[in-house]
Amino acid sequence: LLVIFLTMYLNKIKLFLVISICLIFFFLTYNDVKSQEPKIISGIAKVIDGDTIKIRKNKIRLFGIDAPEKKQQCQKPWLSISFLTFNKNYQCGVTSTIKLKSKISNKFITCKSNNKDRYNRFIAECYKDKTNINRWMVSNGYAVAYRKYSKKFVSDENLAKRDKLGVWAGTFKMPWDWRKNN
């Protein structure tokens, strides 16, 4: 009788331990699982700059791209005579912002975010209808692939560079280098 009692008692302890461990594991990993679910933010977009938008109160940094800063100057060909080319400075950061505004300002946009940056902005890929806005900015030369965080848009950048679109028509500093020096 004592042996049966001890066996049942030990089985209950083992069962309790197994259930406790499972519950602890579940609660410890639940937030990790929950945070991997993409957050969908949609609405009318307001453009802040070439890689940042706002939908309602949500600031959104476009994932995988980096656009020239608003005060950044770039150079583009102005006049070509035979083998001689004259360049002129232009505000490529302002151009980038204007191009993004013309594409999405006051339009319904849907963004999918998996995390936030250190400035508490959502990092997201955004879409106008079926057009990936991040990809559109890079493939037209208004932003570059932000290789430090993703290689997703490198092929789009290579095509823009080949076709001399946007900033690739002339010379410029990569936005991250420009920020470092200014």
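Scroll up to find the structure this text is about.
Let me begin by describing the structure that accompanies this report. (Residues numbered from 1 in each chain as written. Predicted model: local features only at pLDDT ≥ 70, side-chain atom pairs only at ≥ 80, totals over all residues. Heavy atoms only, no water.)

With that out of the way, let us pick up the state of the cysteines. Within this structure, the stated rule accounts for 2 disulfides. Note that Cys 74 is cross-linked by a disulfide to Cys 92, the S-S spacing being 2.0 Å. The sign of the 60° torsion about the S-S bond sets the Cys 74-Cys 92 disulfide as right-handed. Residue Cys 74 is located in strand β5 (residues 74–81), and its partner Cys 92 is located in helix α2 (residues 92–104); the two are separated by 18 residues in the primary sequence. Each of the two residues, Cys 74 as well as Cys 92, counts as buried. Across a sulfur-sulfur distance of 2.1 Å, Cys 111 and Cys 126 are joined as a disulfide pair. On the S-S bond that ties Cys 111 to Cys 126, the torsion sits near 110°, and the link is right-handed. (Disulfide = S-S within 2.5 Å. Helix = DSSP H or I, 4+ residues; strand = E, 2+ residues; numbered from the N terminus. Buried < 20%, exposed > 50% of the residue type's maximum accessible area, 1.4 Å probe, protein only.)

Before going further, it helps to examine the pattern of salt bridges. Evaluation of the coordinates by the stated rule reveals 10 salt bridges. The closest approach of N and O atoms between Asp 66 and Arg 179, which form a salt bridge, is 2.8 Å. Here Asp 66, found in strand β4 (residues 65–66), pairs with Arg 179, found in helix α5 (residues 175–181); they are 113 residues apart in sequence, far enough to count as distant. Residue class for Asp 66 comes out buried when judged on its relative accessible area of 0%. The structure contains a network of salt bridges with shared partners spanning Asp 51, Arg 61, Asp 66, Glu 69 and Arg 179. (Salt bridge = Lys/Arg side-chain N within 4 Å of Asp/Glu carboxyl O.)

Our focus in this paragraph is the packing of aromatic side chains. Scanning the entire structure with this criterion turns up 4 aromatic pairs. Where Trp 136 meets Tyr 142, the ring centres are 5.7 Å apart and the plane angle is 45°; that geometry is what we call tilted. The class for Tyr 142 is buried, based on a relative accessible area of 17%. Note on Tyr 146 and Tyr 149: the rings are 4.9 Å apart at their centroids and 85° apart in plane angle, and the pair reads as edge-to-face. Here the aromatic residues Tyr 146, Tyr 149 and Trp 176 are joined through ring pairs into a cluster of three or more. Sitting over the face of the ring of Tyr 127, Lys 112 holds its NZ or CZ atom 5.5 Å from the ring centroid. Over the aromatic face of Phe 122 sits the side chain of Lys 116, whose NZ or CZ is 4.5 Å from the ring centroid. (Phe/Tyr/Trp six-rings, centres within 6.5 Å; stacked < 30°, edge-to-face > 60°. Lys NZ or Arg CZ within 6 Å of the ring centre and 35° of its normal.)

With that settled, the discussion passes to unusual backbone geometry. The phi dihedral of Asn 120 is positive, around 70°, even though this residue is not glycine. Locating Asn 120 in the fold gives a position in the loop between β7 (108–116) and β8 (122–128). A relative accessible area of 52% places Asn 120 in the exposed class. The backbone of Lys 164 sits at a positive phi, close to 55°, despite the residue not being glycine. Relative accessible area serves as the criterion here: at 57%, Lys 164 is assigned to the exposed category.

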